[in-house]
Amino acid sequence: MNLTELLPPEWRGELTPFLDEAATTALGAWVAEEYATQTIYPPVEDLFAAYRLCSPAQTRVLLLGQDPYHGPGQAHGLSFSVRDGVRRPPSLSNIFKELNEDLNVPKPAGGDLTGWARQGVLLLNAVLTVRAGKAGSHGGKGWEAFTDATIKALNERDERIVFMLWGSYAKKKAALVTNPVHAVLEAGHPSPLNRVGFLGSRPFSAANKALADGGRQVIDWDPRATV
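About the cut-offs
Residues numbered from 1 in each chain as written. Predicted model: local features only at pLDDT ≥ 70, side-chain atom pairs only at ≥ 80, totals over all residues. Heavy atoms only, no water. UniProt positions renumbered as here; feature names shortened; annotations may be inferred. Axes fitted to C-alpha atoms, helices over the stretch in contact; angles between N-to-C directions. Helix = DSSP H or I, 4+ residues; strand = E, 2+ residues; numbered from the N terminus. Parallel < 35°, antiparallel > 145°, perpendicular 65-115°, else oblique. Contact = heavy atoms within 4.5 Å. Nonpolar A, V, L, I, M, F, W, Y, C, P; charged D, E, K, R; others polar. 1 Å grid on protein atoms, 1.4 Å probe; cavity = no way out; pocket = protein on both sides within 12 Å on 5 of 7 lines; lining within 4 Å. Points joined across faces, edges and corners; volume = space filled by probe spheres on them. Buried < 20%, exposed > 50% of the residue type's maximum accessible area, 1.4 Å probe, protein only. Arc of directions from axis to C-beta. Pairing = 2+ DSSP bridges. Expected span 1.5 Å × (residues − 1). Polar contact = N/O pair within 3.5 Å; in protein donor to acceptor, adjacent residues only side chain to side chain.

Per an unreviewed UniProt entry, the chain goes by the name Uracil-DNA glycosylase and belongs to Actinoplanes utahensis. Taken directly from UniProt, the Subcellular location (unreviewed entry) text for the chain runs: "Cytoplasm". Recorded under Function (unreviewed entry), the UniProt text for the chain is reproduced unchanged: "Excises uracil residues from the DNA which can arise as a result of misincorporation of dUMP residues by DNA polymerase or due to deamination of cytosine."

S.K.: How do you make sense of the packing of helix α5 (residues 90–103) against helix α9 (residues 203–213) when you look at a structure like this?
M.R.: Working note: a packed helix pair is described by the angle between its axes plus the distance between those axes. Contact pair α5 / α9: the axes reach a minimum separation of 7 Å and the direction vectors enclose 60 degrees. One element, α5, and the other, α9, form an angle in the oblique class. Touching Ile95, Glu98, Leu99, Asp102 and Leu103 of α5 are Pro203, Phe204 and Ser205, all from α9. For the contact of α5 with α9, the per-class residue count stands at 5 nonpolar, 1 polar and 2 charged.

S.K.: Looking at this model, I keep getting lost on the layout of surface pockets. Mind explaining?
M.R.: The gaps of empty space that remain are located by a probe, the size of a water molecule, rolled over the atoms. Reported here for the largest pocket is a volume of approximately 510 Å³. Forming the walls of the largest pocket are 31 residues, and the residues nearest its centre are Asp67, Pro68, Tyr69, Ser91 and His189. Those elements that place two or more of their residues in the lining of the largest pocket are α4 (49–53), α5 and β3 (121–125). Here the lining of the largest pocket takes 3 residues from β3, the largest share from any one element.

S.K.: I keep staring at the UniProt feature "domain: Uracil-DNA glycosylase-like" (unreviewed entry) in the chain and nothing clicks. Help me out?
M.R.: The positions UniProt marks with the feature "domain: Uracil-DNA glycosylase-like" (unreviewed entry) are residues 52–211. Helix makes up 29% of residues 52–211 and strand 14%, and the two end C-alpha atoms of the span are 22 Å apart.

S.K.: Just checking my understanding: could you explain α9 for this structure?
M.R.: Along an α-helix, residues three or four positions apart point the same way, because every turn accommodates 3.6 residues. All buried positions along α9 are accounted for by Pro203, Phe204, Ala207, Asn208, Ala210 and Leu211. Along the axis of α9, the buried residues cluster in a sector spanning 160 degrees; they form a single face. Among the exposed residues of α9, those pointing more than 90 degrees away from its buried face are Lys209 and Asp213. Of the surrounding elements, those touching the buried residues of α9 are β2 (61–65), α5, α6 (114–118), β5 (162–166) and β6 (183–187). Just past α9, the residue Gly215 takes up positive phi, approximately 80 degrees.

S.K.: How should the sheet that holds β2 be read in this particular structure?
M.R.: The strands making up a sheet associate through hydrogen bonds between their backbones, and the pairing can be parallel or antiparallel. The strand order across the open sheet built from 4 strands is β3-β2-β5-β6, with neighbouring strands paired in parallel fashion. One side of each edge strand has no neighbouring strand; the edge strands of this open sheet are β3 and β6. Sheet twist, expressed as the average angle between the axes of neighbouring strands with direction ignored, equals 20 degrees. As judged from the 5 bridges shared by β2 and β3, these two strands associate in the parallel manner. Note that in β3 the partner of Leu64 across the bridge is Leu124. Strands in contact with helix α7 (residues 143–155) are β2, β3 and β5; relative to β3, the strand with the most contacts, it is inclined by about 150 degrees.

S.K.: What's the story with α7 in this structure? I'm lost.
M.R.: Taking 1.5 Å of rise per residue, 13 residues should cover 18 Å, and α7 covers 18 Å from first to last C-alpha, within 8% of that figure. Where burial is concerned, most of α7 is hidden: 11 out of the 13 residues are buried. Every buried residue of α7 is listed here: Trp143, Glu144, Phe146, Thr147, Asp148, Ala149, Thr150, Ile151, Ala153, Leu154 and Asn155.

S.K.: Can you help me understand the UniProt feature "active site" (unreviewed entry) in the chain in this one?
M.R.: Sequence positions flagged by UniProt for "active site" (unreviewed entry) are, in local numbering, Asp67. Positionally, Asp67 belongs in the loop between β2 and α5. Discounting chain neighbours no more than four positions away, the residues touching Asp67 are Asn125, Val127, Val130, Ala135, Gly136 and Ser137. One polar contact links the side chain of Asp67 to the main-chain amide nitrogen of Gly136, over a distance of 2.6 Å.

S.K.: Honestly, unusual backbone geometry in this entry has me stumped. Any pointers?
M.R.: Excluding glycine, most residues fall at negative phi; most peptide bonds, likewise, are trans. Cis geometry marks the peptide bond from Tyr41 to Pro42, where omega comes out at -5 degrees. Here Pro42 is to be found in the loop between β1 (40–41) and α4. Positive phi values are uncommon outside glycine, yet Phe80 reaches one of about 70 degrees. The topology assignment puts Phe80 in the loop between β2 and α5. A positive phi angle, near 50 degrees, is found at Arg202, a position not held by glycine. Among the secondary structure elements, Arg202 is positioned in the loop between β6 and α9.

The structure is reproduced here in structure tokens:
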């Protein structure tokens, strides 16, 4: 599995300078073996959905998750998102609760965040695959270097990008954002297991303020928006 060849061309050009070729080749071989012998989420056709829906030039916000949902039918290549018709995981329910309290956006019936992606929100997980029923099972296999390369590439861009880092794992990635044109917004993880730090953090209005302050168009955070 040639991972860089599977990327959209715009992303391939941006990431390649930050990737170790041998490590990326080894990761691709390992991931291909996992798909061939195990039940892996998301489906391979959705592996790079976040990159497909949001080009580097379009990216205004990066919302970083840890790894994909590990239940049947949940993961479809966008962090925190599930397709409509799939029961919302608790973290996503808390995201919608905070969105309603922050910007008075009605809670949607479904959980599909594709509308965000189409507006320039890169919904990226630090680890892009997972074995069914085994959260974190693909951590430490090489995906982190691949997605760190994504953050480093975006850091090089000269238009403001807002990096939304939720939870202790995501917050560690703040060190990769060194370009002062960008903004880093940290909050607790939206998981119900985390009782403090997310609810009440008003991350969506803060992101839009940071975008506006940087001269960029704000996001319509209503998940039903597809503009």
